[in-house]
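Here is how the chains run, residue by residue.
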Amino acid sequence: DVGTSSVKSLLMDAGGRMIGTEQQGYEIVKERLDYAEQDMELLWEAAKSTICALVRRFPTEAGRIQGISYSGQMHGLVMVDRQERLIRRGIIWADQRSADEIQKVYDRVGKDRYRNVVLNSLSTGFLLASLMWVWENEPECYEQIYKVMLPKDYIRWRMCGEYGTDRSDASGSAIFDTGNRQWAWELIDELGLDREIFPVCCESGSIAGAVTKQCAEETGLKAGTAIAYGGGDALMQAVGNGAAAPGILTANIGTSSQLNAYIDRPLYDSKFRTNTFCHVPPESWLLMGANLSGGIALKWLMNQILEMKNYDAMTRLAETVSAGSEGLLFLPYLSGERTPYNDPAAKGIYFGMTLKHTRAHLIRSTMEGIVFGLRTSLDIFKEQGLVCYKTIASGGGARSSLFLQMQADILDCEIFTNKDQERACMGAAITAAAACGEYADYQEACEKTVRLKDKTVLPNRENQKYYEEAFALYQELYPHNRELFC
């Protein structure tokens, strides 16, 4: 799983048993406040390190690996030249520099026409917006491009030597015909982009290649081991949580946060407040509400404001405050926002602060604000007529009992969790097994590998009274302050 803050590698058997995991972290490079970049070579070194560690720890099991697949942070732009060298650092999903380029794309091809093909609004940090920015601002880099790819595709290329991407991740590039599951060739032509820079695009479970001799020497993997294309992390997270059939919601709180719903047709919000992506199982899609500041808002509060040492200490403090944080509200737009406003200029707000409020209130209101973002997406899903019978919490938001209770209360539903962690890695491993023919389809794969805990979290009706009032006020914060953001 090639994430934003770390890469995680997992070894799993066909029955879903986790043999072992390894993780190595890295940082986002921010030369300016609105920039977010990463050196893909450092990410490859981190990935290689985690693979080597697993092979050393579990040599017998590693020698029996049949297939490898990937989960990866979505939307980012990675570019290589004809000598197969990185042209510059990757511009990742959190980047906010390309607002002007978005308007130019809409001016050139028409906003409605664009969105009705892509089924999404164009957002900063998406591959197309970043590519247009490079064209306008770094022409010397643009002219060197041989292939563009998403971040996890670079790692896969280093392992199998074949360029390509998958339909789930490509549909998050914002230059993809999402309904027809192919590159948006007409839009590519109208924007003046070269078709040749876009790699072959296949389903997530298709075989992309095999471990090369060089990769085998560097990692300890067997040369010739099958490698599948993999997919975007939000989609793989959904697979790892068992969302391979209609009616299942996944609520993920990681660095960012998302609410995802499996759909069997390319449904999209006519106001384009959410995203629609191709899902990992063939002929399926995922409706997503995405919030840019999930757990990173808590990390910011911990490190830069409160100077506390860990999340457990923060949670213990937050538990001393009642639901609704005694009137303190947090609008978690620290890096702009996607759902529902798609506004890179949006800012965070603490609202209702008084002399009675303490660190504990700040922490709890921050957590509540993150979950209110998920609630916003849920309301939009319901407007689209979606009926969901099961909600599964994932990411850091599934590890905290307080976060789980907040999700049950604010989303007004029973919350399920998985027995195992690292759901994006599990989704990648499930895809590798499916690609190797271990299962008839993804539904069977999830039934055999995903194990939910018996204990669930139910809504607290007393808490809900406070949250309904707070959420109504939360919804007013952005509209009343939008003109002040700049």
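Preceding this section is the structure that the text describes.
Since the structure is predicted, the reported quantities are computational estimates derived from the model, not experimental observations.

One open sheet accounts for three strands, arranged β4-β14-β13; its pairing is mixed. Since the sheet does not close on itself, it has two edges, and those belong to β4 (67–68) and β13 (207–210), each with one partner. By the bridge criterion, three bridges tie β13 to strand β14 (residues 226–228) in an arrangement that is antiparallel. Residue pairing in the sheet places A210 in a bridge with A226 of β14. Sheet contacts for helix α7 (residues 151–160): β4, β13 and β14; angle to β13, the most-contacted strand, approximately 40°.

Glancing now at the side chain of T4. Note on placement: T4 falls in the segment before β1 (6–12). You can call T4 buried: its relative accessible area is 10%. There is a polar contact of 2.7 Å between the side chain of T4 and the side chain of W93. Discounting chain neighbours no more than four positions away, the residues touching T4 are Y26, I28, Q38, Q73, I92 and W93.

For the rest of this paragraph, the subject is the environment of P139. One can find P139 in helix α6 (residues 139–142). In this structure the C-alpha to C-alpha distance between P139 and V321, which are 182 residues apart in sequence, comes to 53 Å.

By volume, the second largest pocket is sized at about 790 Å³. What lines the second largest pocket is a set of 36 residues, among which L10, L11, M12, I65 and G67 lie closest to the centre. Elements that contribute at least two residues to the lining of the second largest pocket include exactly β1, α1 (40–57), α2 (59–62), β4, α7 and α16 (423–435). Broken down by element, the residue count for the lining of the second largest pocket peaks at six residues, all from β1. The residue makeup of the lining of the second largest pocket, split by class, is 24 nonpolar, five polar and seven charged.

Another aspect to go through is the packing of aromatic side chains. Per the counting criterion, the structure on display carries 19 aromatic pairs. Between F372 and Y474, the aromatic rings sit 5.2 Å apart at their centres with planes inclined by 50°, giving tilted as the arrangement. One end of the pair, F372, is in helix α14 (residues 359–383); the other, Y474, is in helix α18 (residues 461–481), with 102 residues separating them in the sequence. Take Y474: its relative accessible area is 3%, and that puts it in the buried class. Above the face of the Y35 ring, R97 is positioned so that its terminal group lies 3.5 Å from the ring centre. The side chain of R97 reaches across the aromatic face of W133, ending 4.5 Å from its centre.

So, about the nonpolar core. Counting residues in hydrophobic clusters, the biggest one holds 93 residues, and the most contacted among them are Y114, L122, L128 and L131. The element best represented in this core is α14, accounting for nine residues. Dropping the residues within four chain positions of it, L122 is found in contact with I102, V105, Y106, Y114, L128, A129, A174 and N342. One finds I51, W93, I155 and I227 within the second-largest nonpolar core, a separate group that totals 37 residues.

An order of β18-β19-β17-β16-β22-β23 is seen for the six strands of this open sheet, with the pairing classed as mixed. Only two strands of the sheet have a single neighbouring strand rather than two, namely β18 (275–278) and β23 (415–416). Pairing of β18 with strand β19 (residues 285–291) involves four bridges; the strand directions are antiparallel. If you follow C278 over to β19, its bridge partner there is W285. Across the sheet, helix α11 (residues 233–240) lies against β16 (248–253), β17 (257–263), β18, β19 and β22 (390–395), angled at about 115° from β19, the strand it touches most.

Criteria and cut-off values
Residues numbered from 1 in each chain as written. Predicted model: local features only at pLDDT ≥ 70, side-chain atom pairs only at ≥ 80, totals over all residues. Heavy atoms only, no water. Pairing = 2+ DSSP bridges. Helix = DSSP H or I, 4+ residues; strand = E, 2+ residues; numbered from the N terminus. Contact = heavy atoms within 4.5 Å. Axes fitted to C-alpha atoms, helices over the stretch in contact; angles between N-to-C directions. Buried < 20%, exposed > 50% of the residue type's maximum accessible area, 1.4 Å probe, protein only. Polar contact = N/O pair within 3.5 Å; in protein donor to acceptor, adjacent residues only side chain to side chain. 1 Å grid on protein atoms, 1.4 Å probe; cavity = no way out; pocket = protein on both sides within 12 Å on 5 of 7 lines; lining within 4 Å. Points joined across faces, edges and corners; volume = space filled by probe spheres on them. Nonpolar A, V, L, I, M, F, W, Y, C, P; charged D, E, K, R; others polar. Phe/Tyr/Trp six-rings, centres within 6.5 Å; stacked < 30°, edge-to-face > 60°. Lys NZ or Arg CZ within 6 Å of the ring centre and 35° of its normal. Core = buried A, V, L, I, M, F, W, Y, C linked by side-chain atoms within 4.5 Å.

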